[in-house]
Amino acid sequence: MARVVGAGVLAALLLVATTALAIWWTARQDAHPASDAIVVLGSAQYNGVPSSIFEARLEHAIDLYEDGVAPVVVTVGGKAAGDAFTEAEAGRDYLAQAGLPADALLAVPEGVDTLESMRVVAAAFDERGWTSAVLVTDPWHAMRAERMAEDAGIDAGSSPTRQGPAVQTRATQFRYILRETAAYLLYRATGESVAGAPGIG
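Keep in mind it's a predicted model, so treat the numbers as computed, not measured. (Residues numbered from 1 in each chain as written. Predicted model: local features only at pLDDT ≥ 70, side-chain atom pairs only at ≥ 80, totals over all residues. Heavy atoms only, no water.)

Visitor: Can you lay out the overall build of the protein for me, pointing to particular residues and giving the numbers?
Guide: Helices and strands together make up the secondary structure of the protein, namely six helices and seven strands. Going residue by residue from the N terminus, the α and β elements of the protein occur as α-β-β-β-α-β-α-β-α-β-α-β-α. Among the 201 residues that make up the protein, the fraction classed as buried is 47%. When contacts within the protein are restricted to residue pairs at least 6 apart in sequence, long-range pairs at least 24 apart make up 70% of them. Accessible area of the protein: about 9800 Å², with a carbon and sulfur share of 56%. (Helix = DSSP H or I, 4+ residues; strand = E, 2+ residues; numbered from the N terminus. Buried < 20%, exposed > 50% of the residue type's maximum accessible area, 1.4 Å probe, protein only. Contact = heavy atoms within 4.5 Å. Areas by Shrake-Rupley, 256 points an atom, 1.4 Å probe, with all protein chains shown as cover.)

Pasting the structure below:
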């Protein structure tokens, strides 16, 4: 019995370690093939003004758009109770003010977490006959976002941001990797998402 328990504990530790390593590895990649759309995962906004985490994602999306990665930038995300703006609307307005043309912007103002956001984006893609996307989010969030997008029927790659609070210090990076490891394993085990801090829901 002790050996069985020990083997189970070792297997669990190996699963956690390999998942964390995969998250770290994915975070260091930058896949941005020509795609139907660039999808910016939402984060907090304050009365229509993107948070620093969200702004870093939007600025990266601008770079990708200007590099010709895709002809459209999709912003996604709903709003909390009492908010006047959705994350998607705040992101779209930020991009418009940065000079992106209106016909290159699509706001999908739904989604309280990554899983729901990927599902509503997939529905928007289906309506337009799109199949491929480059996801813009924080590095540690990239692997789970890709998995959820693929499960929703989108051929997805990710081009993570390299700026913003999520990548400022090694302690912050370590904390995000641990939290994303738990969130990813929960999703693979249950098919459900978990709401929480940026990059977790």
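Back to the text.
Visitor: Break down the pairing of strand 5 (residues 105-108) for me, citing the residues and quoting the values.
Guide: The alternating pattern of strand 5 places Leu105 and Ala107 on one face and Leu106 and Val108 on the opposite face, and all of these are buried. Crossover connection from strand 4 (residues 73-76) via helix 3 (residues 87-97) to parallel strand 5: handedness right-handed. (Right-handed = clockwise from strand over helix to strand, strands pointing away.)

Visitor: Would you mind going over helix 3 in detail, with residue names and values included?
Guide: Each α-helix winds once per 3.6 residues, and so residues spaced three or four apart point in a common direction. Of the positions making up helix 3, those classed as buried are Ala88, Ala90, Gly91, Tyr94 and Leu95. Considered in projection along helix 3, the buried side chains sweep an arc of 165 degrees and stay on one side of the axis. Elements in contact with the buried residues of helix 3: strand 2 (45-46), strand 3 (49-50), helix 2 (52-66), strand 4 and strand 5. (Arc of directions from axis to C-beta.)

Visitor: Would you mind going over the pattern of salt bridges in detail, with residue names and values included?
Guide: Pairing is possible between side chains of opposite charge, provided their charged atoms come close. Scanning all chains against the criterion turns up four salt bridges. A salt bridge links Arg57 to Asp138; the nearest nitrogen and oxygen atoms lie 2.9 Å apart. Separated by 81 residues along the polypeptide, Arg57 in helix 2 and Asp138 in the loop between strand 6 (132-136) and helix 5 (142-151) bring together distant segments of the chain. The buried category is assigned to Arg57, whose relative accessible area is 0%. Note that Asp93 is salt-bridged to Arg92, the shortest N-O span being 3.2 Å. Residue classification places Asp93 among the partly exposed residues on the basis of a relative accessible area of 27%. For Arg92, a relative accessible area of 32% corresponds to the partly exposed category. (Salt bridge = Lys/Arg side-chain N within 4 Å of Asp/Glu carboxyl O.)

Visitor: Explain the packing of helix 5 against helix 6 (residues 170-190) residue by residue, including any values.
Guide: Contact pair helix 5 / helix 6: the axes reach a minimum separation of 10 Å and the direction vectors enclose 20 degrees. When the axes of helix 5 and helix 6 are compared, the pair comes out roughly parallel. In this structure, the crossing between helix 5 and helix 6 has a hand that is left-handed. Across the interface between the two elements, Met143, Arg144, Arg147, Met148 and Asp151 from helix 5 touch Glu180, Ala183, Tyr184, Tyr187 and Arg188 from helix 6. (Axes fitted to C-alpha atoms, helices over the stretch in contact; angles between N-to-C directions. Parallel < 35°, antiparallel > 145°, perpendicular 65-115°, else oblique. Left-handed = near helix turned anticlockwise from the far one by under 90°.)

Visitor: Summarise a nonpolar patch on the surface; cite the residues concerned and give the values.
Guide: On the surface, Leu21, Trp24 and Trp25 cluster together into a nonpolar patch covering about 360 Å² of accessible area. In this structure, Trp24 sits in helix 1 (residues 2-27). (Patch = residues over 30% accessible without salt bridge, like charges linked within 9 Å, V, L, I, M, F, W, Y side chains within 5 Å.)

Visitor: Got a sec to walk through the nonpolar core? Specific residues and values, please.
Guide: Among the nonpolar cores identified, the biggest contains 24 residues, and Val39, Val74, Phe125, Leu135 and Ile154 are the most heavily contacted of them. Mapped onto this core, the elements with two or more residues apiece are strand 1 (37-41), strand 4, strand 5, helix 4 (114-128), strand 6 and helix 5. No other element matches helix 4, which puts seven residues into this core. Those residues within four positions of Ile154 in sequence are excluded, and the remaining contacts are Met118, Val121, Ala122, Phe125, Thr131, Ser132, Ala133 and Ala149. (Core = buried A, V, L, I, M, F, W, Y, C linked by side-chain atoms within 4.5 Å.)

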